[in-house]
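# Structural features, examined
Listed below are the residues making up each chain.
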Amino acid sequence: MKKIELQNPLTLILILGFFFSCQSPVDSSEQIEIKESELVIKKSYNNDLIGQYLRIKDALVATDAEEAANAAKSMKNILLNENDISVNLRNLNLIIEEIINNNEIKDKRISFYELSKYLVKALKNKNIETNQGQDIYIQFCPMAMNNKGAIWLSTDYNVLNPYYGETMLKCGVVRDTI
């Protein structure tokens, strides 16, 4: 029998890292149980940018394109009616319009990624504020956006992936807290 010699140990590490990047920490022979309550969109959200962003995120987790569009419409109205929002945040309208107007959930998720990057930057720069005492988690899925990875915000530490929904619901990690 021919012995296979590994030329570069880094190759093995990369292959194993990719394989285990979104695996559940439980025994892989077990079925992952997705509780119906994990896919349910909350009944109410704060009527501010972050509240409506979270509503969009939860709609994408549930693969509900119509609810994502409705939440984006609410977010757009907040932007148009707020006087305290900095000029830079008004540029969000283009991204929000894409979420409203795109019919395909895949396209909404791509626009959501752009929205997420924009809001993370705005939160870190203190252009927008969160509710007093509310932790916002920056979460990351290494497989989203064609394996380039993508971030999103959540008020819940437990990962529910808006880029894959039910397909890979718990794929991701918490990267940071704002």
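All figures in this text were calculated on a predicted structure; none of them were measured in a lab.

### Here's the deal with the packing of aromatic side chains
Under the criterion given, the structure shown has five aromatic pairs. Look at Y53 and F112: their rings are 5.0 Å apart centre to centre, the planes differ by 15°, and that puts the pair in the stacked class. One end of the pair, Y53, is in helix α2 (residues 49-61); the other, F112, is in helix α5 (residues 105-124), and 59 residues separate them in sequence. No difference in accessibility class separates Y53 from F112, as the two residues are buried. Look at W152 and Y163: their rings are 5.7 Å apart centre to centre, the planes differ by 70°, and that puts the pair in the edge-to-face class. Taken together, the residues W152 in strand β2 (residues 150-154) and Y163 in the loop between β2 and β3 (173-177) connect sequence positions 11 residues apart. Y163 gets classed as buried once you look at its relative accessible area, which sits at 6%.

### A closer look at the pattern of salt bridges
Scanning all chains against the criterion turns up five salt bridges. The partner of D58 in a salt bridge is K57, with the nearest N and O atoms 2.8 Å apart. With respect to class, D58 is no different from K57; both count as buried. The partner of K117 in a salt bridge is E114, with the nearest N and O atoms 3.4 Å apart. One end of the pair, K117, and the other, E114, are both in helix α5, three residues apart, so they sit about a helical turn from each other. In this structure E114 comes out as partly exposed when scored by relative accessible area, which is 33%.

### Some remarks on the packing of helix α4 (residues 92-101) against α5
Between α4 and α5, the shortest axis-to-axis distance is 8 Å and the interhelical angle comes to 155°. By the angle class used here, α4 and α5 are roughly antiparallel. The hand of the α4/α5 crossing is left-handed. Here α4 contributes L92, I95, I96, E98, I99 and I100 to the contact with α5, which in turn contributes K108, S111, F112, E114, L115, Y118 and L119. The class makeup of the residues in the contact of α4 with α5 is nine nonpolar, one polar and three charged.

### Digging into the pairing of β2
Counted residue by residue, β2 has five buried out of five residues, so it is predominantly covered. The alternating pattern of β2 places A150, W152 and S154 on one face and I151 and L153 on the opposite face, and all of these are buried. Strand direction decides the pairing type here: strand β1 (residues 137-141) and β2, joined by five bridges, are antiparallel. By the bridge assignment for β2, Q139 is matched with W152.

### As for the sheet that holds β3
Strand order in this open sheet of three strands is β2-β1-β3, and the pairing throughout is antiparallel. Each end of this open sheet is capped by a strand with a single partner; those strands are β2 and β3. Put simply, the sheet's adjacent strands are angled 35° from each other on average, direction ignored. When β1 meets β3, the two strands line up antiparallel, connected through four bridges.

### Concerning the environment of I99
By secondary structure assignment, the location of I99 is in helix α4. Sequence separation between I99 and A69 is 30 residues; the distance between their C-alpha atoms is 5.9 Å. Not counting residues up to four positions away in its chain, the partners in contact with I99 are I56, A68, A69, A72, K108, S111, F112 and L115.

### Quick word on α5
Note on helix geometry: an α-helix contains 3.6 residues per turn, so any two residues three or four positions apart are oriented the same way. Here α5 contains 20 residues, and its C-alpha end-to-end distance of 28 Å stays within 8% of the 28 Å for a straight helix at 1.5 Å per residue. Looking at the packing, one finds that the buried side of α5 touches α2, α3 (65-81), α4, β1, α6 (144-147) and β2.

### A look at the pairing of β1
With five of five residues buried, β1 is to be regarded as a mostly interior element. Burial along β1 is two-sided: Y137, Q139 and C141 facing one way and I138 and F140 facing the other are all buried.

The rules behind each value
Residues numbered from 1 in each chain as written. Predicted model: local features only at pLDDT ≥ 70, side-chain atom pairs only at ≥ 80, totals over all residues. Heavy atoms only, no water. Phe/Tyr/Trp six-rings, centres within 6.5 Å; stacked < 30°, edge-to-face > 60°. Helix = DSSP H or I, 4+ residues; strand = E, 2+ residues; numbered from the N terminus. Buried < 20%, exposed > 50% of the residue type's maximum accessible area, 1.4 Å probe, protein only. Salt bridge = Lys/Arg side-chain N within 4 Å of Asp/Glu carboxyl O. Axes fitted to C-alpha atoms, helices over the stretch in contact; angles between N-to-C directions. Parallel < 35°, antiparallel > 145°, perpendicular 65-115°, else oblique. Left-handed = near helix turned anticlockwise from the far one by under 90°. Contact = heavy atoms within 4.5 Å. Nonpolar A, V, L, I, M, F, W, Y, C, P; charged D, E, K, R; others polar. Pairing = 2+ DSSP bridges. Expected span 1.5 Å × (residues − 1).

From the geometry alone we can't say anything about function, so treat these as descriptive.
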